[in-house]
Amino acid sequence: QTGVILRLDRAGTRVLSETYLGTTVTQARVDELTGNIVAVGSFGLAVLNPAASAVLWRRTSTVDFPGTAYRVAVASDGTVAVLSGSPSGLTSSTVTTFGPTGGKVGQFKPWGSNNSIRSYSIAADGRTKSVYVSGDYNTRIPDGLPQAGQVVVAILRGYSYTGTQKFQAYGASGADLGVHAA
């Protein structure tokens, strides 16, 4: 196993612990309230105690969420949000939320059935009980409009933990972008 969580002292010069989880660790976060370490990768999702000496709970790719878990966020209320699919973000992404003790809260596709949107990042907010997903997609401003041609458009959406969309920022069609550029 080569996927490892290393805990270092404050100076970064001494290894406090090594915890092997699987072939790869793609992202890890620390729960600000508990100090628990939350990691995702080839093994799925693992929540470790603050010393990284024990796995408190674990969820598995393809069983608890589709595809590979490649991004993770921890909200201030302990809710864990996982972004899974393809690590390249080029296939339909899924967000799965788990409560502080590992019970599944919700699961949804942030872009619906649109597989052309690449997902990049995820954040979670315990105060508003929200999950935020960012991504982008290619579109074309039609010929004849100012700035005609291929463009990459950023998109950001906010959801409840169970998947009800709360808002969208950015994200526009090529035609809309061309009209606004005029």
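Residues numbered from 1 in each chain as written. Predicted model: local features only at pLDDT ≥ 70, side-chain atom pairs only at ≥ 80, totals over all residues. Heavy atoms only, no water.

Draft legend 1. Structural detail: the overall build of the chain. Scanning the chain for helices and strands turns up one helix and 14 strands. Counting only residues that meet the buried cut, the chain has 45% of its 182 residues in that class. Put simply, 37% of the contacts in the chain that link residues at least 6 apart link residues at least 24 apart. (Helix = DSSP H or I, 4+ residues; strand = E, 2+ residues; numbered from the N terminus. Buried < 20%, exposed > 50% of the residue type's maximum accessible area, 1.4 Å probe, protein only. Contact = heavy atoms within 4.5 Å.)

Draft legend 2. Structural detail: the pairing of strand β8 (residues 80–85). Burial runs high along β8: six of the six residues are buried. Alternating residues of β8 divide into V80, V82 and S84 and A81, L83 and G85, and every residue in both groups is buried. The pairing of strand β7 (residues 68–74) with β8 spans six bridges and is classified as antiparallel. Bridge assignment links T68 to a residue of β8, and that residue is G85. Adjacent in sequence and paired antiparallel, β7 and β8 are bridged by five residues, among which G78 carries a positive phi angle near 90°. Across five bridges, the pairing between β8 and strand β9 (residues 94–98) is antiparallel. What sits directly across from V80, in β9, is F98. (Pairing = 2+ DSSP bridges.)

Draft legend 3. Region of the structure containing the environment of A39. In this fold, A39 is placed in strand β4 (residues 37–41). Remark: the alpha-carbon pair of A39 and A28, spanning 11 residues in sequence, is separated by 4.1 Å. Not counting residues within four places of it along the chain, the set of residues in contact with A39 comprises I5, L21, V25, Q27, A28, G44, L45 and A46.

Draft legend 4. Broad picture of the sheet that holds β4. Read from one edge to the other, the open sheet built from four strands follows the order β3-β4-β5-β6, with strand pairing classed as antiparallel. The open sheet has two edge strands, β3 (25–30) and β6 (55–59), and neither has a second partner. Recorded for the sheet is a direction-independent mean angle of 15° between the axes of neighbouring strands. Pairing of β4 with strand β5 (residues 44–48) involves five bridges; the strand directions are antiparallel. For I37, the partnering residue across the bridge sits in β5 and is L48. (Axes fitted to C-alpha atoms, helices over the stretch in contact; angles between N-to-C directions.)

Draft legend 5. The arrangement of a nonpolar patch on the surface in detail. There is a patch of nonpolar side chains on the surface, built from L6, L8 and V15 and spanning about 260 Å² of accessible area. By the element assignment, V15 lies in strand β2 (residues 15–22). Given a relative accessible area of 43%, V15 falls into the partly exposed group. (Patch = residues over 30% accessible without salt bridge, like charges linked within 9 Å, V, L, I, M, F, W, Y side chains within 5 Å. Areas by Shrake-Rupley, 256 points an atom, 1.4 Å probe, with all protein chains shown as cover. Salt bridge = Lys/Arg side-chain N within 4 Å of Asp/Glu carboxyl O.)

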